[in-house]
Amino acid sequence: MAETSKSETPRDTPQIDDIQKALEKQIADLRKEITKINKSLSERAAELVDDASARASDVYDSATSRASRTAQQLRSQAQAVSEVARENPGTTTAVVSVIGLLGFLAGLVVGQSMNDTQRRWY
């Protein structure tokens, strides 16, 4: 019986070594795969950042050109209104006076409607 256990031990040791070597090889292969995956993810993230940057740049350029066109249009319209006001000072004064009177009346109405207590005029 003692001889049997001695003869099994040398046979088991090569199997354990083989299993250990196989596991170490699998671990090394997994590490290589993880490295490849990390590299791939890193490259994809860089591509996404580049795409987002390009899109943001396009949006900024578009907004800048729109703002420029809008400012130019506002300048031309303000100049046209200014010229009309210079050519017709009487009409301009009347329009501004009417707008001022309407604003004053609107202020009175809003002030009265926001007043909590009811007041009588007499």
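A short tour of the structure in this document, coming up.

Reading guide: rules and limits
- Residues numbered from 1 in each chain as written.
- Predicted model: local features only at pLDDT ≥ 70, side-chain atom pairs only at ≥ 80, totals over all residues.
- Heavy atoms only, no water.
- Helix = DSSP H or I, 4+ residues; strand = E, 2+ residues; numbered from the N terminus.
- Buried < 20%, exposed > 50% of the residue type's maximum accessible area, 1.4 Å probe, protein only.
- Areas by Shrake-Rupley, 256 points an atom, 1.4 Å probe, with all protein chains shown as cover.
- Patch = residues over 30% accessible without salt bridge, like charges linked within 9 Å, V, L, I, M, F, W, Y side chains within 5 Å.
- Salt bridge = Lys/Arg side-chain N within 4 Å of Asp/Glu carboxyl O.

### Focus: the overall build of the protein
Now for step 1: Looking only at helices and strands, the protein has two helices and zero strands in total.
Now for step 2: Counting every position in the protein, which comprises 122 residues, the buried fraction comes to 0%.
Now for step 3: By element, 60% of the accessible surface of the protein is carried by carbon and sulfur atoms, the whole surface being about 11500 Å².

### Observations regarding a nonpolar patch on the surface
Now for step 1: Nonpolar side chains collect at one region of the surface, where V98, L101, L102, F104, L105 and L108 lie side by side and expose about 590 Å² of accessible area between them.
Now for step 2: By the secondary structure assignment, V98 is in helix 2 (residues 89–114).

### Examining the pattern of salt bridges
When the charged atoms of two side chains with opposite charge come close together, those side chains can pair.
Now for step 1: Using the criterion set out here, one finds three salt bridges in the structure.
Now for step 2: When the shortest N-O distance is used, the salt bridge between K25 and D29 registers 3.2 Å. Here K25 pairs with D29, and both are found in helix 1 (residues 2–87), just four residues apart, close to one helical turn.
Now for step 3: By relative accessible area, K25 is classed as exposed at 53%.

Don't take any of this as a statement about function, it's just geometry.
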